[in-house]
Amino acid sequence: MPGLPRRAVVPLPDVSIPVPGAAKPPVFSRAEWGARPPRTGYTFTLARHIGLHHTATVEDWAAITWEECAARVRAIQTYHIDTQGWNDIGYAYVVCKHGHVFQAREDDDDSTDVQGAHDGFNRGSTGISAFGYFHPPVNHQPTEAQLSALVHLTAWIASRRGIDPLGRSLYAAYGSPVDNVYGHRDVSATACPGDNLYGRMEALRAAIKDRTLRRLY
Ligand SMILES: [Zn+2]
Ligand SMILES: [Zn+2]
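The shown structure was predicted, so the numbers you read here are calculated from the model rather than taken from an experiment.

A tally of helices and strands in the protein yields six helices and nine strands. Here the protein, with 217 residues, has 48% of them falling under the buried criterion. Considering only intrachain contacts with a sequence separation of at least 6, the fraction spanning at least 24 residues in the protein is 74%. By element, 57% of the accessible surface of the protein is carried by carbon and sulfur atoms, the whole surface being about 9,700 Å².

So this is what it looks like as structure tokens:
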């Protein structure tokens, strides 16, 4: 039935409760990809939701080498700062099609979350964007390496912040309950993260949950 939540809404505790689980995947630092500093100081928040995006840019997908992917992350940052007028790149992490994870708007302190600019609300959410254009007319398909990296990254964030990847809870800045791992289109009038990624999200959530329950990594 459209409009009804697919999951029970469970009130969140007032504090983040880390649970044992997934380890941090390899993440390329801002220094490694050559980030500019933010224009001003960051605002901090506590991530209780994780929003997924695609970059919707064919040039990102065309990048072949790591250096080319790093250059695309710099291009996204330049666009967000110089064209959008934002403080820094909007996302917290970017994942290229080779499965490399780039630290985006972050402060090298995993105990805090830097508030990003990724879904129009931002407070209480962290944004991850995948290189690709996952809907018509381009219709890229996320790669297995990319999906795997998204699972590893998101499972680590979920473990660290005590977020249930299969849960649904109030996204206060948005004003309604949202899946704890949601797609941008769940909160905004946008096609993001594209049909070909959005359609994989139920399987992604299950894989993320599975990884947070294992301690083998
Ligand atoms: Zn988006
Ligand atoms: Zn790459």
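This part is about the coordination of the zinc ion (ligand 2). Protein coordination of the zinc ion (ligand 2) is provided by Cys 69 (SG), Cys 96 (SG) and His 98 (ND1), with donor distances spanning 2.1 to 2.3 Å. Linear spacing of the donor residues for the zinc ion (ligand 2) on their chain is C-x26-C-x1-H. In this pair, Cys 69 is assigned in helix H3 (residues 66-83) and His 98 in the loop between strand S3 (93-95) and strand S4 (101-103), connecting sequence segments 29 residues apart. The exposure class assigned to Cys 69 is buried, which follows from its relative accessible area of 1%. Residue His 98 is classed as partly exposed on the basis of its relative accessible area, which comes to 31%.

It is worth spelling out the coordination of the zinc ion (ligand 1) at this point. Taken together, the protein donors to the zinc ion (ligand 1) comprise His 53 (ND1), His 184 (ND1) and Cys 192 (SG), at separations of 2.0 to 2.2 Å. When the donors of the zinc ion (ligand 1) are listed by position in the chain, the intervening gaps give H-x130-H-x7-C. In this pair, His 53 is assigned in strand S2 (residues 49-54) and His 184 in the loop between strand S9 (181-183) and helix H5 (195-198), connecting sequence segments 131 residues apart.

A separate point is the nonpolar core. Across soluble globular proteins, you tend to see nonpolar side chains buried next to one another. Ranked by internal contacts, the top residues of the largest apolar core, which has 26 residues, are Tyr 93, Ile 128, Leu 153 and Leu 204. Of all the secondary-structure elements, those providing two or more residues to this core are S2, S3, strand S6 (125-130), helix H4 (144-161) and helix H6 (201-213). Sort the elements by how many residues they give to this core and H4 lands first, with nine residues. Of all hydrophobic cores here, the second largest spans 13 residues; its members include Cys 69, Ile 89, Val 94 and Ala 104.

Within this structure, the stated rule accounts for nine aromatic pairs. Seen from their ring centres, Trp 61 and Phe 134 are 5.9 Å apart, and the 90 degrees between their planes marks the pair as edge-to-face. In this pair, Trp 61 is assigned in helix H2 (residues 58-62) and Phe 134 in the loop between S6 and H4, connecting sequence segments 73 residues apart. Across the pair, exposure class does not vary: Trp 61 and Phe 134 are buried alike. Between the aromatic rings of Tyr 171 and Tyr 182, the centroid separation amounts to 5.7 Å while the plane-to-plane angle is 40 degrees, which identifies the pairing as tilted. One end of the pair, Tyr 171, is in strand S7 (residues 168-171); the other, Tyr 182, is in strand S9, with 11 residues separating them in the sequence. Here the two residues Tyr 171 and Tyr 182 agree in accessibility, since each one is buried. Taking NZ or CZ as reference, Arg 160 lies 4.0 Å from the ring centre of Trp 156, over its face.

The subject of this paragraph is the pattern of salt bridges. For the structure on display, the rule yields 12 salt bridges. For the salt bridge of Arg 72 with Asp 60, the shortest nitrogen-to-oxygen distance reads 2.7 Å. Separated by 12 residues along the polypeptide, Arg 72 in helix H3 and Asp 60 in helix H2 bring together distant segments of the chain. The salt bridge partner of Lys 209 is Asp 164, with a shortest N-O separation of 3.1 Å. Here Lys 209 is found in helix H6, whereas its partner Asp 164 is found in the loop between H4 and S7, with 45 residues between them in sequence.

Packing of H4 against H6 brings their axes to within 9 Å, and their N-to-C directions diverge by 55 degrees. Taken as axis vectors, H4 and H6 run oblique relative to one another. The handedness of the crossing between H4 and H6 comes out as right-handed. Note on element contacts: H6 touches H4 through Leu 204, Ala 207, Ile 208, Arg 211 and Thr 212, opposite Leu 147, Val 151, His 152, Thr 154, Ala 155, Ala 158 and Ser 159. Per-class residue counts for the contact of H4 with H6 are seven nonpolar, four polar and one charged.

Rules used throughout
Within each chain, residue numbers correspond to sequence positions counted from 1 in written order. Labels follow written order: the first chain is A, the first ligand is 1, and so on. Local features in this predicted model are restricted to residues of pLDDT 70 or higher, and side-chain atom pairs are both shown and tallied only at a pLDDT of 80 or more, whereas totals for entire chains, interfaces and linings draw on every residue. As a rule here, side-chain values come from all non-hydrogen atoms in the structure, and water together with hydrogens is ignored. Every helix listed is a DSSP run of H or I at least four residues long, and every strand listed is a run of E at least two residues long, numbered separately from the N terminus. Burial here depends on accessible area, computed with a 1.4 Å probe over protein chains only, as a share of the maximum for the residue type. Under 20% is buried, over 50% is exposed, and the range in between is partly exposed. The contact definition used throughout considers only heavy atoms, calling two residues in contact when any of these lie within 4.5 Å. Calculation of accessible area relied on Shrake-Rupley with a 1.4 Å probe; when residues are assessed, cover is drawn exclusively from the protein chains displayed. Only N, O and S atoms count as donors, using a 2.8 Å limit from the metal and a wider 3.2 Å limit for Na, K and Ca, and since water is excluded some coordination spheres may look unfilled. In these notes, a set of buried Ala, Val, Leu, Ile, Met, Phe, Trp, Tyr and Cys residues joined through side-chain atoms within 4.5 Å is what counts as a nonpolar core. Any two rings among Phe, Tyr and Trp, with Trp reduced to its six-membered ring, count as a pair given centres within 6.5 Å; such a pair is stacked if its planes are under 30 degrees apart, edge-to-face if over 60, and tilted if neither. Here, a charge over a ring means that NZ of Lys or CZ of Arg falls within 6 Å of the ring centre while also lying within 35 degrees of the ring normal. The working definition used for a salt bridge is a side-chain nitrogen of Lys or Arg within 4 Å of a carboxyl oxygen of Asp or Glu. Between N-to-C directions, angles cover 0 to 180 degrees, with each direction set by a line fitted to C-alpha atoms, over the stretch in contact for helices. To sort the angles, those under 35 degrees are grouped as roughly parallel, those over 145 as roughly antiparallel, those from 65 to 115 as roughly perpendicular, and the leftovers as oblique. Handedness of a crossing is defined here by the sense of rotation of the near helix relative to the far one, left-handed for an anticlockwise turn of less than a right angle and right-handed for a clockwise turn. By the convention adopted, Pro, Cys, Tyr, Trp, Phe, Met, Ile, Leu, Val and Ala count as nonpolar, Lys, Arg, Asp and Glu as charged, and the other residues, Gly among them, as polar.

Function cannot be read off these values alone, since they describe shape.
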